[in-house]
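# Results of the structural survey
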Amino acid sequence: MASFKSCVFFLFLLFVISSIHAYQVSHDGRAITINGERRVLLSGSIHYPRSTAQMWPDLIKKAKQGGLDAIETYVFWNAHEPLRRQYDFSGNLDLIRFLKTIQDEGLYAVLRIGPYVCAEWNYGGFPVWLHNMPGVELRTANQVYMNEMQNFTQLIVDMVKQEKLFASQGGPIILAQIENEYGNVQTSYGDAGKAYVDWCANFAQSLDIGVPWIMCQQPDVPQSMINTCNGWYCDDFTPSNPNTPKMWTENWTGWFKNWGGKDPLRTAEDVAYAVARFFQTGGTFQNYYMYHGGTNFGRTSGGPYITTTYDYDAPLDEFGNLAQPKYGHLKELHDVLHSMEKTLTSGNITNSDLGNSVAVTIYALDGQSSCFFSNANETTDATINYKGVQYNVPAWSVSILPDCKTEVYNTAKVNTQTSVMVKKSNEPASLQWSWRPEKVDEAVVLGRGRSSAHELVDQKVANDVSDYMWYMTNVYIGKNDPIWSDNMTLRVNGSGHILHAYVNGQYLGSQWATYGIFNYVFEKQVKLNPGRNHISLLSATIGLQNYGAHFDTVQSGIPGPVEIIGKNGDESVIKDLSSHKWSYKVDLNGINNKLFSGNPKFENGQWFSQDVPINRMMTWYKTTFKAPLGNDPVVVDFQGLGKGHAWINGESIGRYWPSYLAEEEGCSTDLCDYRGKYGPDKCASGCGEPTQRWYHVPRSFLKSDENTLVLFEEFGGNPSLVNFQTVQVGTACGSAYENKTMELSCNGKAITAIRYANFGETEGICGSFDKGSCSSENNAVSIIEKECVGKEKCSVLASEGVFGSTNCGNNAKRLIVEAVC
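Just so it is clear, the model here is predicted, and its values are computed rather than measured.

## So, the sheet that holds strand β3 (residues 37–39)
Backbone-to-backbone hydrogen bonds pair the strands of a sheet. The strands run either parallel or antiparallel. With respect to topology, three strands assemble into an open sheet ordered β1-β2-β3, the strand pairing being antiparallel. The sheet terminates laterally at β1 (25–27) and β3, the two strands that pair on one side only. Recorded for the sheet is a direction-independent mean angle of 35° between the axes of neighbouring strands. Direction of pairing for strand β2 (residues 32–34) relative to β3: antiparallel, over a ladder of three bridges. Residue pairing in the sheet places Ile32 in a bridge with Arg39 of β3.

## As for the pairing of strand β13 (residues 358–365)
Most of β13 is tucked away: six of the eight residues are buried. Two elements, strand β12 (residues 348–355) and β13, share seven bridges in a ladder whose sense is antiparallel. If you follow Gly355 over to β13, its bridge partner there is Val358. Counting the residues in the hairpin turn of β12 and β13 gives two residues, including Asn356, whose phi is positive at 55°. Taken together, β13 and the strand that follows it, strand β14 (residues 368–375), pair antiparallel across an intervening segment of two residues, in which Asp366 is found at a positive phi of about 50°.

## Side note on the state of the cysteines
Under the counting rule described, the total for this entry stands at eight disulfides. Sulfur-sulfur distance for the disulfide between Cys672 and Cys683 comes to 1.8 Å. Every disulfide takes its handedness from the sign of the S-S torsion; for Cys672 and Cys683 that torsion is 75°, giving right-handed. Taken as a pair, Cys672 in the loop between β34 (651–656) and β35 (694–697) and Cys683 in the loop between β34 and β35 lie far apart in primary sequence, 11 residues in all. Since its relative accessible area comes to 24%, Cys672 is described here as partly exposed.

## Details of the UniProt feature "domain: SUEL-type lectin" (unreviewed entry) in the protein
UniProt records the feature "domain: SUEL-type lectin" (unreviewed entry) for residues 736–821 in the present numbering. With 15% helix and 47% strand, the stretch residues 736–821 has end C-alpha atoms that lie 19 Å from each other.

## Things to note about the domain arrangement of the protein
Looking at the protein, the domain boundaries give domain 1 (36–323), domain 2 (347–411), domain 3 (422–436 + 591–658 + 693–726), domain 4 (443–586) and domain 5 (738–820). Spacing between the C-alpha centres of domain 2 and domain 3 amounts to 55 Å.

## A closer look at the environment of Asn426
Here Asn426 lies in the loop between β19 (418–424) and β20 (433–437). According to the relative accessible area criterion, Asn426 is partly exposed, its value standing at 34%. C-alpha separation for the pair Asn426 and Asn480, spaced 54 residues apart in sequence, amounts to 67 Å. Setting aside residues up to four positions removed in sequence, Asn426 forms contacts with Pro628 and Leu629.

## Describing the packing of helix α6 (residues 143–162) against helix α7 (residues 190–206)
Between α6 and α7, whose axes approach to 12 Å, the crossing angle comes to 30°. Taken together, the axes of α6 and α7 lie roughly parallel to each other. Between α6 and α7 lies a crossing whose hand is right-handed. Residues Tyr145, Met146, Met149, Gln150, Thr153 and Gln154 of α6 form the contact with α7, whose participating residues are Tyr196, Trp199, Cys200 and Phe203.

## Describing the packing of aromatic side chains
Tallied over the entire structure, the rule returns 60 aromatic pairs. Taking 4.2 Å as the distance between ring centres and 40° as the angle between the ring planes, the aromatic pair formed by Phe76 and Trp121 counts as tilted. Note that Phe76 is positioned in the loop between β5 (70–74) and α3 (77–80) and Trp121 in the loop between β6 (108–114) and α5 (128–131), a separation of 45 residues in sequence. Note on accessibility: Phe76 and Trp121 belong to one class, buried. Where Tyr305 meets Tyr660, the ring centres are 6.3 Å apart and the plane angle is 90°; that geometry is what we call edge-to-face. Of this pair, Tyr305 sits in the loop between β11 (283–292) and α9 (326–339) while Tyr660 is found in the loop between β34 and β35, placing the two residues 355 residues apart along the sequence. Like Tyr305, the residue Tyr660 is buried in the burial classification. The ring centre of Tyr310 lies 3.6 Å from the NZ or CZ of Arg50, which sits over that ring. Taking NZ or CZ as reference, Arg436 lies 5.6 Å from the ring centre of Trp607, over its face.

Cut-offs and rules
- Residues numbered from 1 in each chain as written.
- Predicted model: local features only at pLDDT ≥ 70, side-chain atom pairs only at ≥ 80, totals over all residues.
- Heavy atoms only, no water.
- Pairing = 2+ DSSP bridges.
- Helix = DSSP H or I, 4+ residues; strand = E, 2+ residues; numbered from the N terminus.
- Axes fitted to C-alpha atoms, helices over the stretch in contact; angles between N-to-C directions.
- Buried < 20%, exposed > 50% of the residue type's maximum accessible area, 1.4 Å probe, protein only.
- Disulfide = S-S within 2.5 Å.
- UniProt positions renumbered as here; feature names shortened; annotations may be inferred.
- Domains from an automatic or database assignment.
- Contact = heavy atoms within 4.5 Å.
- Parallel < 35°, antiparallel > 145°, perpendicular 65-115°, else oblique.
- Left-handed = near helix turned anticlockwise from the far one by under 90°.
- Phe/Tyr/Trp six-rings, centres within 6.5 Å; stacked < 30°, edge-to-face > 60°.
- Lys NZ or Arg CZ within 6 Å of the ring centre and 35° of its normal.

Below you can see the structure in the form of structure tokens.
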């Protein structure tokens, strides 16, 4: 007979087993269905390595509060398997912990395993050792590649299954993705490309995860997969298989930044317009790419030439703050769409084209109906007469009427505050620096390498363990050599990354290209000696190519040729050094010796505190500092520096390059017009300014007492200008149309003053408002001061009942407030 304790344990086990329920996830031509219910699903991309594990709970909570149902993430192969069969899932790479954090918040997850991800991530997420495997060809029907892809994908699926994280096991993952945007490049791979896609689909299905598989941008998708859309607008997208739902895996909330590029901006109105149009035209799943962009810590940014910031103009900014008004304007839209979920996913659809890019869509179910009124005209507002009632629909907007009677939401009418973020310093003392030179003599003078070859090698041969690799050779030239002259040059065909050239121990010059340029020719006049001459070329990569057909074969380092050119009058003699014996050395001494770690056992040599040099190439700097007070996000201002890499307490905060100024052309001082199709150059700003001046320092990197900042300055700069600041709301500008509630928040700080308030018509933008042609009879400033000053947040109804009558007639009235935090 079983003991009483055994019986209790059995009953407890039975309870646990019965409480674990699987989600049944399926799909048809209208929607994703979860446990028998068709769903309108709103999702947002958050990449776990682009933030810290300490940030995840707050980011995911804010995503849920913003009206999202799911979090979407890529899985980064090169981060998890940096060396073949050596895996890393620790710290910020703890994928399982990230998925469980999503689950803890009650959200679904979309797992984009890829394992090619693009994502402006180094080498598109592929580990570079994969490129160096004999006989390999990436992203095609190549057995070497497919074996490795299968191994990693199987590893991820097994890990997730073991933790019971697929919806079929009771977990949060409702969708998984294999490959990524392959349809954009497939034709370049010919028949082998099609065979590869079919193999991907069959392999994915064999994994038996119990949830649907998706392939984005794949028009010829196999029947077992769901084809999805990526882009700024996907309302015109039609799935290639009519039995699959209309899904949008990447709604680009903005754009990424490249070194030398301007600051991109995509307005809240335009993002909302794109989302509303998508659901008006039968969409069922929509994901923001990115919802939180985050930071390219370490050497993770790709490109080449992608910045350390990956803010992406997302609803949650790089530091995790609410990016208002985008966050709030989209939250309102999400709430409206969710209120119509049953009708949108199961109702009968009636479309009416009213001409001039104006359309009405009605979803009807069980005697109830919901309406979308859209006006895709870029300049002209529209008036729609529906059932005897006239509705004004501004240009480039969508009005949503959940009951087909009352407009509850219009994409062009923002009823959310605009938050102007500011940087504030609370460290009065300047930083005290020590320094030491990077030891380059071993390469520049002695030419000592770790390997050699009679050819110029692609820098990827080193498996991308460092940005830096030395190319070194000797050339013997006698005075009787035909090339000898008083006018000789060194000419190097570069890969588009950075080149620093030294001849006979002397620095000759540097060169680099711009974003999207993959080669250049460096040529400098050089003074050579009769006899032996030593040439040292330092190549510095800035993130490896991450996108395009055969992107993996784009060369890095010095592809050559490397030539000495002697000129006598009109005659030139060329000596090609490409097949000479070249010695190679990967990395720099300071990085190999981990000068950034703060551990004295790695430091061979002395740091100097006197005569700190400025504008000196190849120099290490070190300082200590106290963490800024409070909980606001921390940034470090690198104005005055050239280019290099930075570490806080041994943690890399990424590459810096504030000396690279954004292009001079293409910015406008005019108010950004949300109307019309978006592109990265529309509404851009920051022309002629440092591409990136501020660099995110996660609070989790900081200690409560003394902290250490270490810089490796590659180009030469002035560290005396470096300082730490915090990011917070400086100004909050509230906006609400008539009979809507205006809400203001200073994000934990008190509202200290009201600079402007008006109910009626207002012109200008946050920070420079002017009253228009009409205002309320009561003093709006006094009313707002009474309701808001001294509070962290407040709300006021925008109505004549509160502010008194206006002389605005039939014109739209708005409450506009500018508050100081």
